[in-house]
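Descriptive structure summary
So you can see what is in the structure, the chains are spelled out below.
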Amino acid sequence: MGFSVDMVAKAIQENGEEKTDSILETLLTYSALGQSSQAEQHINSDQNSPELDGSFLDGFSDTDSFEGEEITNPDPDKEEKLVSLASMGYSVQEASIAMERCGPNTSIAELTDFICAAQMAKAADALLAEIEDKPRPKPSNGYHKHKKRRMLDYEKPPIDEPIRLPNPMIGFGVPSNPDVIVHRSLPEAAAGPPYFYYENVALAPKGVWDTISRFLYDVEPEFVDSKYFCAAARKRGYVHNLPIENRHHLVPLPPQNIYEALPLSRKWWPSWDTRSHLNCLQTCIASAKLTERIRKALEECDGEPEPPHHVQKFVMDECRKWNLVWVGRNKLAPLEPDEVEMLLGFPKNHTRGGGISRTDRYKSLGNSFQVDTVAYHLSVLKEMYPDGINVLSLFSGIGGAEVALHRLGVRMKNVVSVDISEVNRNIVRSWWEQTNQKGTLIDFADVQQLDANRIEQMINAFGGFDLVIGGSPCNNLAGSNRHSRDGLEGKESSLFYDYFRILDLVKNMMQRN
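Summarised in this report is the structure supplied together with it. Every value quoted in this text rests on a predicted model; they were computed, and no experiment measured them.

Scoring rules and cut-offs
- Residues numbered from 1 in each chain as written.
- Predicted model: local features only at pLDDT ≥ 70, side-chain atom pairs only at ≥ 80, totals over all residues.
- Heavy atoms only, no water.
- Salt bridge = Lys/Arg side-chain N within 4 Å of Asp/Glu carboxyl O.
- Helix = DSSP H or I, 4+ residues; strand = E, 2+ residues; numbered from the N terminus.
- Buried < 20%, exposed > 50% of the residue type's maximum accessible area, 1.4 Å probe, protein only.
- Contact = heavy atoms within 4.5 Å.
- Core = buried A, V, L, I, M, F, W, Y, C linked by side-chain atoms within 4.5 Å.

Points about the pattern of salt bridges
- In the structure shown here, the tally under the stated rule is 13 salt bridges.
- Measuring nitrogen to oxygen at the nearest pair gives 3.4 Å for the salt bridge that ties Asp443 to Arg429. In this pair, Asp443 sits in strand S8 (residues 440-444) while Arg429 sits in helix H18 (residues 422-434), placing the two residues 14 residues apart along the sequence.
- Residue Asp443 is classed as partly exposed on the basis of its relative accessible area of 29%.
- Put simply, Asp498 and Arg501 hold a salt bridge, and the shortest N to O gap is 3.1 Å. With Asp498 and Arg501 both in helix H20 (residues 496-512) and 3 residues apart, the pair spans about one turn of that helix. Comparing Asp498 with Arg501 shows no difference in burial state: the two are buried.

Listed below in structure tokens is the structure:
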């Protein structure tokens, strides 16, 4: 049938010698992939060159934080998706199963999440089989007993069950559709005060959100995409015990699409770039080498009505990946830090000055809350606490929660802010002073500094905390972290358990008092 020896050998290795039907299907798929990729050979050869590899790494300030969120307009062509997944190193069998389970309109990011989750579940099953018969060590203190009990309560879902998130991702309601769910019942253990609010990436490995929910008193996550609040997507899950009735959005409304957010770019925006929203704002930006390569590729097509399909595809893939915007004829550029601030709902120059580099600004902004989204959820606190609130802000970042409360008009009497980054702590303190906050701001560098004694001292001093808010690092949860996507057991993302530890201490101490 004209298949090469190497192709046949690879198909047999993937499927086994006895599965002739599967081998033939794989060979036919390989043949189709080879034909469809020839038209883009010169673009792909550029992308695989040593120069591109260097420029790709140059653009990262923190590669572990790259999230790889949604591609807003997924390719409808199945073969193109198979080509993309194969170029990432996945087998044709893995790619085909992912597309079958997740559906034809699923984006590349969600397909890779499904494959990674399946691989991790398979590896976890193998590990569990090895350790099942080993004696378990006794927990050293009450917290570990509590953690163990909750982990035993957690039933692992079947590994073949695909990851499914709500579509559209509007949680219990958004400003344009506020009445999706008007009432919910919370487990008794979750009732506030204190109120809690936990955030992390929605596209996490399978089982992560079930575990988070189990630890946080079996509260159902609210999954929301910030594209329903602003001009940039940001898929997040929120576990909280706040009321969901009578929520309201910030005024004035932020820009709702790219043209409103970046009006000067409209002059140069080509008709074949159909984006209306930017993808998730990252901690890093594209390199100058990449934008120069795009300019040259477009200029080679200047005599044509519009660039050929393979050039358009190359350009659009990079635009979606790096959130590039049009700044001139054939000229694309990454967003400036002040544009990122605006899209995320922060005041202008929030991260500027004080010795903070551009790289640090992008990194801090990329790890922050989207203020308008969070403010919508927190808006119920204004009437509940007319005299002000006490806030324990864990993994505070650049103060997204504090900015949201301030913009809502909620007075902050005492804020305990905890973040490992000195840059972030300086940003929050500078904002606190510039906005003439009347309350007290106390900052710590590490959540592990907050032991039972210190928490009890603060509760006695302030009379308790009304809100415990934060989002632990997503480094080991994010979709494009191929090296250490270890879920909640990863080095950084395991800090979720410190969020739970501190929240549980606060709840128990306040109930006791």
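So, the environment of Glu336
- Along the chain, Glu336 falls in the loop between strand S5 (331-333) and helix H13 (337-344).
- Exposure remark for Glu336: the relative accessible area of 34% places this residue in the partly exposed category.
- Separated by 22 residues in the primary sequence, Glu336 and Arg358 place their C-alpha atoms 9.1 Å from one another.
- Not counting chain neighbours up to four residues away, the residues in contact with Glu336 comprise Arg358 and Tyr362.

Thoughts on the nonpolar core
- Counting residues in each nonpolar core, the largest one holds 71 residues, and the members touching the most others are Val315, Leu378, Leu405 and Leu467.
- Per element, the largest residue contribution to this core is 6 residues, and it comes from helix H12 (residues 309-322).
- Ignoring sequence-local partners within four residues, the contact set of Leu378 consists of Tyr197, Leu242, Ala401, Ala404, Leu405, Leu408, Leu467 and Ile469.
- Phe215, Leu450, Ile459 and Leu488 belong to the second largest nonpolar core, which has 37 residues in total.

Everything listed here is a matter of coordinates, which is why it stays silent on function.
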